[in-house]
Amino acid sequence: MKILVTGGTGYIGSHTCIELINNGYEVIIIDNFYNSNIEVLNRIKKITNKTITFYQTDLLNKESIEKIFYQHNINAVIHFAGYKAVGESVHKPLEYYHNNITGTLNLCDVMRKNDVKNLIFSSSATVYGDAAQIPITEKCPKGTATNPYGWTKWMLEQMLTDLCTADPDWNIILLRYFNPIGAHKSGLIGEDPNGIPNNLLPYIAQVAIGKLKSVGVFGNDYNTPDGTGIRDYIHVLDLAVGHVKAIKKLLDQPGITAYNLGTGRGYSVLQVIAAFENACGHKIPYNIQPRRTGDVAVCYANCDKAKVELNWEAQFGIDEMCADSWNWQVKNPNGYTL
Ligand code: UFG
């Protein structure tokens, strides 16, 4: 079975491609390397012993996507490609809406023309906004996104829902990720953010290795046991398995549905720093800073739906997530830049 993976050299995409290959799927990657590196392809080859069919292109270049569908008998698409930096999206709303929304519309239009109507879409817990209820179930209504990036996910979920209403031949699964961290056990692939990281884990990892001085903790006056924000961190390898389970489900479940992919457990910023200290074996300096605009106090998932319907459950805990992030950081202090 042939799966087209958009954004397949990115952080979650690359781990998912390996899991797909290990499960016997034939993978075709398209990526424009906006937020990834060509070296990822070598690393995937090293891990799987397989050369992946790859096209460097952009979903905004519709003709190039049409050609790929013409050349290959694609059965399903996993769509990761998109801009994803929350802060940047606030400053570049037009770029975010254009890239994420137009790119996805182009992709769906080409899929429809080629009668490929099986799609897994990378969504995010961000669609719940400040959730009405914790832990968050999929029945929880979508909330108000706090930035353009979040709105693109929110709107695309709606567009894909409308598409399924209009044409029942589509099978679509929305995977709502909580906070992906960790790296492949080999230490060959992992998260390689551009510039100074925005997310907590890569920031901690770069402080731990001495590239950055101190972790800024954004607020210690939230209504949580230690006052810092609580999130549901999930190992990227668990997410990758979730995609393979979703592919299996897609083919016997018509229509559209959403699944939360998290662990169902929340950890505070200070707890994550402590777990990372255990992993790297030394103290990590941090300083308390004001709250970051748009952050919520607590966000963690109820993942019963994925457990029952996908037969999926996260396997790794916070200690293993931090150990694998550290292993990747130590082996690749400059990410994929050699
Ligand atoms: N945090 C810090 N210092 C930092 C970075 C983050 O204290 O330098 C805190 C945040 O305030 C928050 C927690 O660490 O409490 C996690 O923050 P991240 O930036 O790592 O992740 P977010 O929960 O803000 O957002 C992530 C993804 C989004 C996605 C969202 C879904 O970045 O793309 O999860 O819940 F939408």
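Our subject is the structure that appears above.
The shown structure was predicted, so the numbers you read here are calculated from the model rather than taken from an experiment. (Residues numbered from 1 in each chain as written. Predicted model: local features only at pLDDT ≥ 70, side-chain atom pairs only at ≥ 80, totals over all residues. Heavy atoms only, no water.)

A.B. asks: Tell me about the pairing of strand β4 (residues 76–79), residues and numbers included.
C.D. replies: Side chains of β4 alternate between two faces, with A76 and I78 and V77 and H79 buried alike. Pairing geometry for strand β1 (residues 2–6) and β4, over four bridges, is parallel. Bridging across to β4, L4 finds its partner in V77. In this sheet, strand β5 (residues 118–124) lies alongside β4 in parallel orientation, the contact comprising three bridges. Bridge pairing links I78 to I120 in β5. (Buried < 20%, exposed > 50% of the residue type's maximum accessible area, 1.4 Å probe, protein only. Helix = DSSP H or I, 4+ residues; strand = E, 2+ residues; numbered from the N terminus. Pairing = 2+ DSSP bridges.)

A.B. asks: Before we move on, can you summarise the nonpolar core with the specific residues and values?
C.D. replies: Grouped together as the largest cluster of nonpolar side chains are 73 residues, with contacts concentrated most on L20, I204, I247, F276, I284 and I318. The next biggest cluster of nonpolar side chains, apart from the first, holds 25 residues, and it includes L59, V77, V116 and I172. (Core = buried A, V, L, I, M, F, W, Y, C linked by side-chain atoms within 4.5 Å.)

A.B. asks: Which residues make up empty space enclosed by the protein, and what are the values?
C.D. replies: The final tally for this structure, using the stated rule, is one cavity of 30 Å³ or more. Each pocket or cavity is described by its volume, and for the largest cavity that value is around 30 Å³. Every residue along the wall of the largest cavity is listed here: H79, A81, G82, N100, T104, F121, K153 and L156. For the lining of the largest cavity, the elements supplying multiple residues, two or more each, are α5 (93–113) and α6 (148–166). (1 Å grid on protein atoms, 1.4 Å probe; cavity = no way out; pocket = protein on both sides within 12 Å on 5 of 7 lines; lining within 4 Å. Points joined across faces, edges and corners; volume = space filled by probe spheres on them.)

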